[in-house]
Amino acid sequence: MAQLYYKYGTMNSGKSIEILKVAHNYEEQNKPVVIMTSALDTRDGFGVVSSRIGMKREAVPISDDMDIFAYIDSLDISPYCVLIDECQFLSKKNVYDLARVVDELHVPVMAFGLKNDFQNHLFEGSEQLLLLADKIDEIKTICQYCSKKAIMQLRMKDGRPIYEGEQIQIGGNETYIPVCRKHYFHPPLDQD
């Protein structure tokens, strides 16, 4: 039975590499998959899922107004699985389309992304997935400053934490770091 999976983690928890691994495992068995990502994430180009260890694959970019259900339904060969990267950037409509893919087309969907932003607010896509997903799993990593589990990300600029600004600012290790709750509120500051 197909299900909607939401797999979330902080920055550097290995979400993108997990997508690439799952895709490889399906394809090794000659089972086609569809890899999709938010059109907002252009770090390594438009429509690309890439991991920090250098692996990357082309993906179908998802815009807010894309009809994901119609796209999957129109494919000549039904995929064994749909894999979504950067799902936190999806719209409510996008997430409802993914639920329809599962419920009406009987295709499993695995959505990977952040749960909360740098201000510790839920992203729209994350909120909707928390409400609709059949299975929710956390992909764990550790705090950059200690060995506790990271549950938040700090936006950094010039070695200092930033707690205000636009919710979406595309960036990686140079901008965001995974931290535990204690170090989110009290990060060690660089001494200049």
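Residues numbered from 1 in each chain as written. Predicted model: local features only at pLDDT ≥ 70, side-chain atom pairs only at ≥ 80, totals over all residues. Heavy atoms only, no water.

Observations concerning the overall build of the protein chain
Here comes step 1: A count of helical and extended segments in the protein chain gives five helices and 11 strands.
Here comes step 2: Against the compact-globule benchmark of 16 Å for 192 residues, the protein chain has a radius of gyration of 17 Å, which places it among compact chains.
Here comes step 3: With respect to the principal axes defined by its C-alpha atoms, the protein chain has extents near 60 × 30 × 30 Å.
Here comes step 4: The long-range share in the protein chain, meaning contacts at least 24 apart out of those at least 6 apart in sequence, stands at 75%. (Helix = DSSP H or I, 4+ residues; strand = E, 2+ residues; numbered from the N terminus. Rg over C-alpha atoms; globule rule 2.2 N^0.38 Å. Contact = heavy atoms within 4.5 Å.)

Overview of the UniProt feature "binding site: Zn(2+)" (unreviewed entry) in the protein chain
Here comes step 1: The feature "binding site: Zn(2+)" (unreviewed entry), as annotated in UniProt, sits at Cys-143, Cys-146, Cys-180 and His-183 in this numbering. What stands out for the annotated residues spanning 41 residues is how close their C-alpha atoms remain, the widest pair being 8.5 Å apart.
Here comes step 2: Structurally, Cys-146 can be placed in the loop between strand E8 (135–138) and strand E9 (152–157).
Here comes step 3: If sequence neighbours within four positions are ignored, Cys-146 has contacts with Cys-180 and His-183.
Here comes step 4: As for its placement among the helices and strands, Cys-180 is situated in the loop between strand E11 (176–179) and helix H5 (181–185).
Here comes step 5: Ignoring sequence-local partners within four residues, the contact set of Cys-180 consists of Cys-143, Cys-146, Lys-148, Lys-149, Ala-150 and Ile-151. (UniProt positions renumbered as here; feature names shortened; annotations may be inferred.)

Looking at the nonpolar core
Here comes step 1: In this structure, Leu-4, Met-36, Val-82, Ile-84 and Val-109 are the most contacted members of the largest nonpolar core, which totals 26 residues.
Here comes step 2: Elements that contribute at least two residues to this core include exactly strand E1 (4–8), strand E2 (33–38), strand E5 (60–62), helix H2 (68–74), strand E6 (81–85), helix H3 (92–105) and strand E7 (109–113).
Here comes step 3: Contact partners of Leu-4, with chain neighbours within four places excluded, come to Leu-98, Ala-99, Val-102, Val-109, Leu-129, Leu-132, Ala-133, Asp-134 and Lys-135.
Here comes step 4: Formed by 14 residues, the second largest nonpolar core is a distinct cluster that contains Tyr-5, Ala-23, Val-33 and Val-49. (Core = buried A, V, L, I, M, F, W, Y, C linked by side-chain atoms within 4.5 Å. Buried < 20%, exposed > 50% of the residue type's maximum accessible area, 1.4 Å probe, protein only.)

Points about the sheet that holds E11
Sheets are built from strands that pair by backbone hydrogen bonding, the pairs being arranged parallel or antiparallel.
Here comes step 1: An order of E10-E9-E11 is seen for the three strands of this open sheet, with the pairing classed as antiparallel. Only two strands of the sheet have a single partner each, and these edge strands are strand E10 (160–162) and E11. Averaged over neighbouring strand pairs, the angle between their axes works out to 50° when direction is ignored.
Here comes step 2: Note: E9 against E10, three bridges, orientation antiparallel. Of the residues in E10, the one forming a bridge with Met-156 is Pro-161. (Pairing = 2+ DSSP bridges. Axes fitted to C-alpha atoms, helices over the stretch in contact; angles between N-to-C directions.)

Focus on helix H1 (residues 15–28)
Here comes step 1: Taking 1.5 Å per residue, 14 residues should reach 20 Å; H1 reaches 20 Å between its end C-alpha atoms and fits that length.
Here comes step 2: Turning to H1, its buried residues are Lys-15, Ser-16, Ile-19, Leu-20, Val-22 and Ala-23. For H1, the angular spread of the buried residues around the axis is 160°, confining them to a single face.
Here comes step 3: Buried residues belonging to H1 abut E1, E2, strand E3 (48–50), strand E4 (56–58), E6 and E7. (Expected span 1.5 Å × (residues − 1). Arc of directions from axis to C-beta.)

Topic: the packing of aromatic side chains
Here comes step 1: Within the structure shown, the criterion is met by four aromatic pairs.
Here comes step 2: Look at Tyr-184 and Phe-185: their rings are 5.0 Å apart centre to centre, the planes differ by 90°, and that puts the pair in the edge-to-face class.
Here comes step 3: Owing to a relative accessible area of 4%, Tyr-184 belongs among the buried residues under this scheme.
Here comes step 4: Site record: aromatic cluster; members linked through ring pairs are Tyr-163, Tyr-184 and Phe-185.
Here comes step 5: If you follow Arg-155 out to its NZ or CZ, it ends over the ring of Phe-118, 3.7 Å from the centre. (Phe/Tyr/Trp six-rings, centres within 6.5 Å; stacked < 30°, edge-to-face > 60°. Lys NZ or Arg CZ within 6 Å of the ring centre and 35° of its normal.)

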